Every structure is written in structure tokens, then in C-alpha cells.
Amino acid sequence: MKRKKLLIITAVVILLAVGGGAGYFFYFRHLLHPKHEAAGPAAHLFASIAPMVVNVHEKSGQFGLGGGSDGYLQVGFKLETSSKKVIDTFEQLRPAVRGNVLTLMLEVSPDVLTKASARTALKNRILASVNHMLQKDVPALGKKRFRRIYFTRFVTQSS
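None of the values given here were measured: they were computed from a predicted structure. (Residues numbered from 1 in each chain as written. Predicted model: local features only at pLDDT ≥ 70, side-chain atom pairs only at ≥ 80, totals over all residues. Heavy atoms only, no water.)

Draft legend 1. Structural view of the packing of helix α2 (residues 84-106) against helix α3 (residues 116-137). Running from N to C, α2 and α3 cross one another at 130 degrees; their axes reach a closest spacing of 9 Å. By the angle between their axes, α2 is oblique relative to α3. As for the relative orientation of α2 and α3, their crossing is right-handed in sense. Seen from α2, the contacting residues are Val86, Thr89, Phe90, Leu93, Ala96, Val97, Asn100, Val101 and Leu104; seen from α3, they are Arg125, Ile126, Ser129, Val130, Met133, Leu134 and Asp137. In terms of residue class, the contact of α2 with α3 is made up of 11 nonpolar, three polar and two charged. (Axes fitted to C-alpha atoms, helices over the stretch in contact; angles between N-to-C directions. Helix = DSSP H or I, 4+ residues; strand = E, 2+ residues; numbered from the N terminus. Parallel < 35°, antiparallel > 145°, perpendicular 65-115°, else oblique. Left-handed = near helix turned anticlockwise from the far one by under 90°. Contact = heavy atoms within 4.5 Å. Nonpolar A, V, L, I, M, F, W, Y, C, P; charged D, E, K, R; others polar.)

Draft legend 2. Broad picture of the pattern of salt bridges. On inspection of all chains with the given rule, the structure shows five salt bridges. Residues glutamate 80 and arginine 148 are paired through a salt bridge, measuring 3.3 Å at the closest nitrogen-oxygen approach. Taken together, the positions of glutamate 80 in strand β2 (residues 70-81) and arginine 148 in strand β3 (residues 148-158) put the pair 68 residues apart, joining distant regions of the chain. Of the residues examined, arginine 148 reaches a relative accessible area of 39% and is grouped as partly exposed. Among the ionic pairs, lysine 84 bridges to aspartate 88, the shortest N-O distance being 2.9 Å. (Salt bridge = Lys/Arg side-chain N within 4 Å of Asp/Glu carboxyl O. Buried < 20%, exposed > 50% of the residue type's maximum accessible area, 1.4 Å probe, protein only.)

Purely spatial values, then, with no claim about function.
Shown next as C-alpha cells:
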């Protein structure tokens, strides 16, 4: 009888220890393995535009005009945002955005081939133009927009 009581008490103590350990583990597991939080406003999402090539004319800085030496400019870039909705909207408007950017590049002056300030101005014009198109076509985006632009290809050649 004494042996049976000792066996029952030992079994109860073991069950309580195992149950307590399991309870402790499940209750405090978030401290051992913190959950990764969902991407917030600091997320970096990118949309790409494949490289485009335009002619640049020395004298006029306009496509197809002027009699100076010719060259070309090839530009590819990525746009950065924190909003998946902006990326989705961009994908729907990609052909229109590409056409608009191509039109902007046709107005490039030869300075963009040699001056960093001219390249920065071109980047700012492209970024402003793309954001304007998105806001105009999808007003529901509100203040969501692309916040940065990165040239991924910038090749020039002048003759």
C-alpha cells in the first residue's frame, strides 16, 4: 500500500512538472522566438523600368532638331516606395509611364551627359512625372507615392 501511494505521488509530481514546463514554454515562447512584424512604412519595394535609348543633339538638346554632333542616352531605373498599392498601380500604368518618361528623355539637353547636377535634375523630373501620373489616374492613392529613383543604367555616347 505504501509502495502504491509512493508510485501515485511520484506520477503526480512528474505530471505536474511536465505540465508546468509545457505551460511555461507555451506561455513564454514569444520571448524565445519573437514574431517577425509585418513590413511597415519602412519597407522597401521597387518597380523597374527597362532601359530606354534616345538621341541627344548637341546644338538644340531636342530630339530630331539641330545640326550639332549627335549622341545617345540609355537610361534604366528603379523606383522605390513603401506601398504595395503604389506598385500595383504602377504595374497597371506601366506602358503609359514608360511613354511619358520617354517623352521627358527626348527633351534632355547634352548637359545630362556630363554634369551630375543635370542627371539629378533628370531624376527629379522623372520621379515627379511618375508620381503625378499615379495620383492623376488613381486619386485613391492619397499621399502614397514613389519616394526615390535610382538609375540602374546610365550610358551615354557622343560623336
